[in-house]
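Here are the chains, one letter per residue:
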Amino acid sequence: LAYRMEHEGEAALVVFNSSDSPTLLDNLITGAAPGTRLHGLFGMDRKPADMLVGPQGQVQLVLPARAGLVWKFADAGAVVAKTIDKELTLDALQASVVHGDLQVHGTATGSAPVQLVVDGDLDKAQQVIPDSKGRWQASIDTSDMLDATLEHRVVAWRDHENQAQRQASEPRSFRVQRDWELLAEMDDARNDDRGPKGRYTYPMDAGWRVERPQDIEKIRVLGSGGALKLELQMNKVIETWNPANGFDHVAFVIFLQLPDQPGGTKEMPLQNSRLPDAMRWHYRLRSHGWSNALFSHEAASATSEGTPVAPAATIETDKQRNTVTFTLPAKSLGSLKDLSGMKIHVTTWDYDGGFRKLAADAQTSVYGGGDGNKDPLVMDEVSIELP
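Residues numbered from 1 in each chain as written. Predicted model: local features only at pLDDT ≥ 70, side-chain atom pairs only at ≥ 80, totals over all residues. Heavy atoms only, no water.

## Examining the overall build of the protein chain
Then, number 1: The number of helices and strands found in the protein chain is one helix and 31 strands.
Then, number 2: Within the span of the protein chain, comprising 387 residues, buried residues form 47% of the whole.
Then, number 3: Long-range pairs, those at least 24 residues apart, make up 64% of the contacts in the protein chain between residues at least 6 apart in sequence.
Then, number 4: Surface exposure of the protein chain reaches about 19200 Å², of which carbon and sulfur atoms provide 48%.
Then, number 5: Both charge centroids of the protein chain, one from 40 positive and one from 53 negative side chains, sit 1 Å from each other. (Helix = DSSP H or I, 4+ residues; strand = E, 2+ residues; numbered from the N terminus. Buried < 20%, exposed > 50% of the residue type's maximum accessible area, 1.4 Å probe, protein only. Contact = heavy atoms within 4.5 Å. Areas by Shrake-Rupley, 256 points an atom, 1.4 Å probe, with all protein chains shown as cover. Lys, Arg positive; Asp, Glu negative; His and termini not counted. Charge placed at Lys NZ, Arg CZ, Asp CG, Glu CD.)

Structure representation (structure tokens):
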């Protein structure tokens, strides 16, 4: 967030970086004449150094994580050298919407490396070396860019201790429309939302008993590189309690076993059960109307959910089709290149500050037909293995 404020003939530039990593703020238009000095006034950690406004009235800023910085505009007067044409360029993109990795190329004078910075994220900047003719090219991984509505921004960048010698190309904008491939699908028996032995009953409230929102009818798995999209078709998707995630009266717990990976655990935390057959999980997603939490198997046990992982899934609900879809980017699953051989196990129950109670006899908000201290807290479940 960057803005200029003015009062009684004086002006200041205020900049915040709310992210947890250093961020590039390139080509920032200041509204000041070239050569205007920006005097460092205030910083949340320390006062920033003075700097000069560049030839086009712009500045190039490298912002520390969680930074808040203020500069005061002083009188113009410094002489600013004219920039060298095409000293660092990023060619126009071939398309504004890409379906795979983004191919970029440009020019640079000298042999110093060029950094490609996407969405200001300096920690993940890719370094490329110009050839003898000053040309460079690179491929940008878009596997974690799953939101087709989000506009991304890429810039070629050369940093320098001297702020006046920093170089940034013209930025280019693009969107990513991932191509999803159906990897597997399977129907699940209807009316089998009765627990592992078929003797559980829903709580007495009609939202459970009439709508039966925990009965899985079909599972579809789609992939795009190492990204995963899991679509669950339910008997009924309801939102009686106005849930943030678009569904309620059901909690999904999704266990993922990565292909050819050691480790993992069979324990199903807090559900009084273990995964079927020889399956073990490396990642586990727990989601109900107000939660969306992803965990790795490290430190997981029968009583511990494991180690939190971010980002968790994006969630889409379709009440007309009675589907709930979870999408996980590749980086949330260890940056896999593809999903071949992954095993998936999905269970349903409900959650209210913890998994909902189970007793011998059902009550208004308590399941019936079992012992909540030892019997599995699973109403319906389905397993699928990707080819």
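## Thoughts on the side chain of Ser169
Then, number 1: If you trace the backbone, Ser169 turns up in the loop between strand E15 (167-168) and strand E16 (172-176).
Then, number 2: Look at Ser169 and you get buried, because its relative accessible area is 1%.
Then, number 3: Beyond its immediate chain neighbours, meaning those up to four positions away, Ser169 contacts Asn27, Leu88, Thr89, Leu90, Val155 and Ala156.

## Here we look at the pairing of E16
Then, number 1: Here E16 shows one buried face, formed by Arg172, Phe174 and Val176, and one open face, formed by Ser173 and Arg175.
Then, number 2: The sheet contact formed by strand E14 (residues 152-158) and E16 spans three bridges and is antiparallel. Bridging from a neighbouring strand, Val154 pairs with Arg172 of E16. (Pairing = 2+ DSSP bridges.)

## Things to note about the sheet that holds strand E10 (residues 102-108)
Through backbone hydrogen bonds, the strands of a sheet pair up, either in parallel or in antiparallel fashion.
Then, number 1: Taken in spatial order, the three strands line up as E8-E10-E13 in an open sheet, and their pairing is antiparallel. Unpaired on one side and paired on the other, strand E8 (88-90) and strand E13 (135-140) mark the two borders of the sheet. Strand-to-strand twist of the sheet, defined as the mean angle between neighbouring strand axes without regard to direction, takes the value 25 degrees.
Then, number 2: When E10 meets E13, the two strands line up antiparallel, connected through six bridges. Bridge assignment links Val104 to a residue of E13, and that residue is Ala138. (Axes fitted to C-alpha atoms, helices over the stretch in contact; angles between N-to-C directions.)

## Description of the pattern of salt bridges
Oppositely charged side chains are able to pair whenever their charged atoms sit close together.
Then, number 1: Scanning all chains against the criterion turns up 23 salt bridges.
Then, number 2: Among the ionic pairs, Arg274 bridges to Glu267, the shortest N-O distance being 2.8 Å.
Then, number 3: For Glu305, the salt bridge goes to Arg284, with nearest N and O atoms at 3.0 Å. Pair noted here: Glu305 is in the loop between strand E24 (291-296) and strand E25 (307-309) and Arg284 is in strand E23 (residues 283-288), with a separation of 21 residues, a long-range link.
Then, number 4: Owing to a relative accessible area of 14%, Glu305 belongs among the buried residues under this scheme. (Salt bridge = Lys/Arg side-chain N within 4 Å of Asp/Glu carboxyl O.)

## Points about the sheet that holds E25
Then, number 1: One open sheet accounts for six strands, arranged E25-E24-E23-E20-E28-E31; its pairing is antiparallel. Whereas interior strands pair on both sides, the edge strands pair on one side only; in this sheet they are E25 and strand E31 (380-385). Across the sheet, the mean angle separating the axes of adjacent strands is 25 degrees when strand polarity is ignored.
Then, number 2: With three bridges joining them, E24 and E25 adopt antiparallel strand pairing. Paired with Ser296 across the two strands is Thr307, which belongs to E25.

## Considering the pairing of strand E26 (residues 314-318)
Then, number 1: Pairing analysis gives five bridges linking E26 to strand E27 (residues 323-328), with the strands arranged antiparallel. What sits directly across from Thr317, in E27, is Val324.
Then, number 2: Linking E26 back to E27 in an antiparallel pair, the connection comprises four residues, with Asn322 at a positive phi of about 55 degrees.

## What to know about the side chain of Asp375
Then, number 1: Relative to the elements of secondary structure, Asp375 occurs in the loop between strand E30 (367-368) and E31.
Then, number 2: A distance of 2.7 Å separates a polar side-chain atom of Asp375 from the backbone nitrogen of Asp371.
Then, number 3: Once residues lying within four places of it in the same chain are set aside, the contact partners of Asp375 are Arg199, Tyr200, Gln271, Asn272, Leu358 and Gly370. (Polar contact = N/O pair within 3.5 Å; in protein donor to acceptor, adjacent residues only side chain to side chain.)

## Quick look at the environment of Arg194
Then, number 1: Among the structural elements, Arg194 can be located in the loop between strand E17 (181-187) and helix H1 (206-209).
Then, number 2: Owing to a relative accessible area of 41%, Arg194 belongs among the partly exposed residues under this scheme.
Then, number 3: Taking the C-alpha atoms as reference, Arg194 lies 9.2 Å from Gly369; in sequence the two are 175 residues apart.
Then, number 4: Not counting chain neighbours up to four residues away, the residues in contact with Arg194 comprise Arg199, Tyr200 and Met379.

## Considerations on the nonpolar core
Then, number 1: One finds Leu228, Leu256, Phe326, Met342, Ile344 and Val346 to be the most contacted residues of the largest nonpolar core, which totals 32 residues.
Then, number 2: When contributions to this core are tallied by element, the ones reaching two or more residues are strand E18 (216-224), strand E19 (227-234), strand E20 (251-257), E23, E27, strand E28 (343-349) and E31.
Then, number 3: Per-element tally for this core: the top contributor is E19, with four residues. (Core = buried A, V, L, I, M, F, W, Y, C linked by side-chain atoms within 4.5 Å.)

## A word on the packing of aromatic side chains
Working definition: an aromatic ring pair is given by the centre-to-centre distance plus the angle between the planes.
Then, number 1: For the structure shown, the criterion picks out nine aromatic pairs.
Then, number 2: Note on Tyr351 and Phe355: the rings are 5.1 Å apart at their centroids and 85 degrees apart in plane angle, and the pair reads as edge-to-face.
Then, number 3: With relative accessibility at 15%, the residue Tyr351 sits in the buried group.
Then, number 4: A connected cluster of aromatic rings, assembled from ring pairs, spans Tyr200, Tyr202, Trp349 and Tyr367. (Phe/Tyr/Trp six-rings, centres within 6.5 Å; stacked < 30°, edge-to-face > 60°.)

## Overview of the environment of Thr30
Then, number 1: Within the secondary structure, Thr30 sits in the loop between strand E3 (23-29) and strand E4 (37-43).
Then, number 2: As a C-alpha pair, Thr30 and Phe73 span 43 residues in sequence and 9.5 Å in three-dimensional space.
Then, number 3: Once you skip the residues sitting within four places of it in the chain, Thr30 turns out to touch Arg4, Val53, Gly57, Val59 and Phe73.
Then, number 4: Of note is the side chain of Thr30, whose polar atom sits 2.8 Å from the backbone oxygen of Gly57.

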